[in-house]
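Examining the three-dimensional arrangement
As a plain string of letters, each chain reads:
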Amino acid sequence: MLGYFIAFMDCVNIGFAAVQMNASLGFTSAVYRVRAGIFFIGYFLFEVPSNLAMHRFGARVWIARIMITWGLISGLTAFVTGEYSFFTIRFLLGMAEAGFFPGVVYYFSYWLPAKNRAKVLSVFYLAVPFAVVFGSLISAPLLMMHGIGGLEGWQWLFIIEALPVVILGIYLFFRYKK
């Protein structure tokens, strides 16, 4: 659930960063809206290959890899300089995050009895409303960090909100090592 919460925080933070990022980079609202489509193209193209890789390498390794990669790429969003780098980073983020949700659900199907699966999935799904609620509480102060270290608030938002997913991915990799 924590991983899914962080994944949705990434989806939410792009919306919170919109005003500052658009002004800073000169994006029109159309450019900003296209980014969602670019993300989902990468996600769609790599969702099945990602789950095949998870089957081959194991859930622990692959879910940790997904989380670390998407965290690093999400953090790199802070350094986009224009439309093309923004579209590229969003496509790469979709690729990196592909397979996380279906991979976790697939993993649950292996380890949870059918009678418990619905309860666990419902708790897992609670991450979405929590991410929306807490995303605003976390993102607002980060956006006020404008000028610290020569970075704008939207850049700090992406950098700081990328750290938990990378740390959690590394933790999961080593915590559940056989």
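Preceding this paragraph is the structure being described.
Throughout what follows, the structure given in this document is the object of discussion. Remember, predicted model here, so these are calculated numbers, not experimental data.

Some points on the overall build of the protein
Helices and strands together make up the secondary structure of the protein, namely eight helices and zero strands. Along the protein, helices (α) and strands (β) appear in the sequence α-α-α-α-α-α-α-α when read from the amino end. Its C-alpha radius of gyration of 17 Å places the protein within 12% of the 16 Å reference for a compact globule of 178 residues. C-alpha extents for the protein along the principal axes are approximately 50 × 30 × 25 Å. Taking all 178 residues of the protein together, the buried fraction comes to 44%. Taking as baseline every contact in the protein between residues at least 6 positions apart, the subset at least 24 positions apart corresponds to 76%. When the accessible surface of the protein is summed, it comes to about 9,400 Å², and 74% of that surface belongs to carbon and sulfur atoms. Here the protein holds 12 positive side-chain charges and 6 negative ones, and the gap between their average locations is 19 Å.

Some words on the packing of helix H2 (residues 29-57) against helix H5 (residues 100-111)
Think of two packed helices as two axes; the pair is described by the angle between the axes and how far apart they sit. Relative to each other, H2 and H5 sit at 35 degrees, their axes nearing to 9 Å. Where H2 crosses over H5, the two elements pack in a sense that is right-handed. Mapping the contact onto sequence places Tyr43, Glu47, Asn51, Met54 and His55 in H2 and Phe100, Phe101, Pro102, Gly103, Tyr106, Tyr107 and Tyr110 in H5. Along the lines of polarity and charge, the residues of the contact of H2 with H5 split into eight nonpolar, three polar and one charged.

Remarks on the packing of helix H6 (residues 114-125) against helix H7 (residues 127-143)
Where H6 contacts H7, the axes come no closer than 5 Å and their chain directions differ by 15 degrees. It follows that H6 is roughly parallel to H7 by the angle criterion. Contacts between H6 and H7 involve Val123, Phe124 and Tyr125 from the former and Ala127, Val128 and Pro129 from the latter. Broken down by class, the residue content of the contact of H6 with H7 amounts to six nonpolar, no polar and no charged.

Topic: the side chain of Ser74
The topology assignment puts Ser74 in helix H3 (residues 59-76). Ser74 gets classed as buried once you look at its relative accessible area, which sits at 4%.

What to know about a nonpolar patch on the surface
Where nonpolar side chains cluster on the molecular surface, the patch consists of Met1, Val123, Leu126, Phe130, Val133, Phe134, Leu137 and Ile138 and spans about 670 Å² of accessible area. In this structure, Val123 sits in helix H6.

A closer look at the nonpolar core
In terms of nonpolar packing, the biggest core is built from 51 residues, with Met21, Tyr32, Trp70, Phe86, Phe100 and Trp154 touching the most fellow members. For this core, the elements supplying multiple residues, two or more each, are helix H1 (2-25), H2, H3, helix H4 (83-97), H5, H6, H7 and helix H8 (153-175). At ten residues, H1 tops the list of elements feeding residues into this core. Non-local contacts of Met21, meaning those with residues more than four positions away in its chain, are made with Gly26, Tyr32, Thr77, Val80, Phe86, Trp154 and Phe158.

Conventions and cut-offs
- Numbers given for residues are sequential positions, taken from 1 along each chain in its written order.
- In keeping with the model being predicted, local features are shown solely for residues with a pLDDT of at least 70 and side-chain atom pairs are shown and tallied solely at 80 or more, while totals for entire chains, interfaces and linings include all residues.
- The side-chain values count all of the structure's non-hydrogen atoms but skip hydrogen atoms and water molecules.
- Helix numbering and strand numbering both begin at the N terminus, where a helix is a DSSP run of H or I of at least 4 residues and a strand a DSSP run of E of at least 2.
- The atom set for the radius of gyration is the C-alpha atoms, and the globule formula is 2.2 Å times the number of residues raised to the power 0.38.
- Relative accessibility decides the category of a residue: with a 1.4 Å probe and only protein chains considered, values under 20% of the type maximum give buried, values over 50% give exposed, and everything between is partly exposed.
- Note on contacts: a residue pair is in contact if any heavy atoms of the two residues lie within 4.5 Å.
- In short, Shrake-Rupley with a 1.4 Å probe defines the accessible areas, and a residue's cover is counted only from the protein chains shown.
- Neither His nor the chain termini are counted; the positive set is Lys and Arg, and the negative set is Asp and Glu.
- A single reference atom marks each charge: NZ on Lys, CZ on Arg, CG on Asp, CD on Glu.
- Angles shown run from 0 to 180 degrees and are taken between the N-to-C directions of axes, each axis being a line fitted to C-alpha atoms and, for helices, limited to the stretch in contact.
- With the far helix as reference, a near helix turned anticlockwise by less than a right angle produces a left-handed crossing, and one turned clockwise produces a right-handed crossing.
- Nonpolar residues are Ala, Val, Leu, Ile, Met, Phe, Trp, Tyr, Cys and Pro. Charged residues are Asp, Glu, Lys and Arg, and all others, Gly as well, are polar.
- Here the word oblique covers every angle except those under 35 degrees (roughly parallel), over 145 (roughly antiparallel) and from 65 to 115 (roughly perpendicular).
- Nonpolar side chains (Val, Leu, Ile, Met, Phe, Trp, Tyr) within 5 Å and like charges within 9 Å form the patches, drawn only from residues with over 30% relative accessible area and no salt bridge.
- In what follows, salt bridge is the name for a side-chain nitrogen of Lys or Arg lying within 4 Å of a carboxyl oxygen of Asp or Glu.
- Throughout, nonpolar core names a set of buried Ala, Val, Leu, Ile, Met, Phe, Trp, Tyr and Cys residues whose side chains join them through atoms within 4.5 Å.

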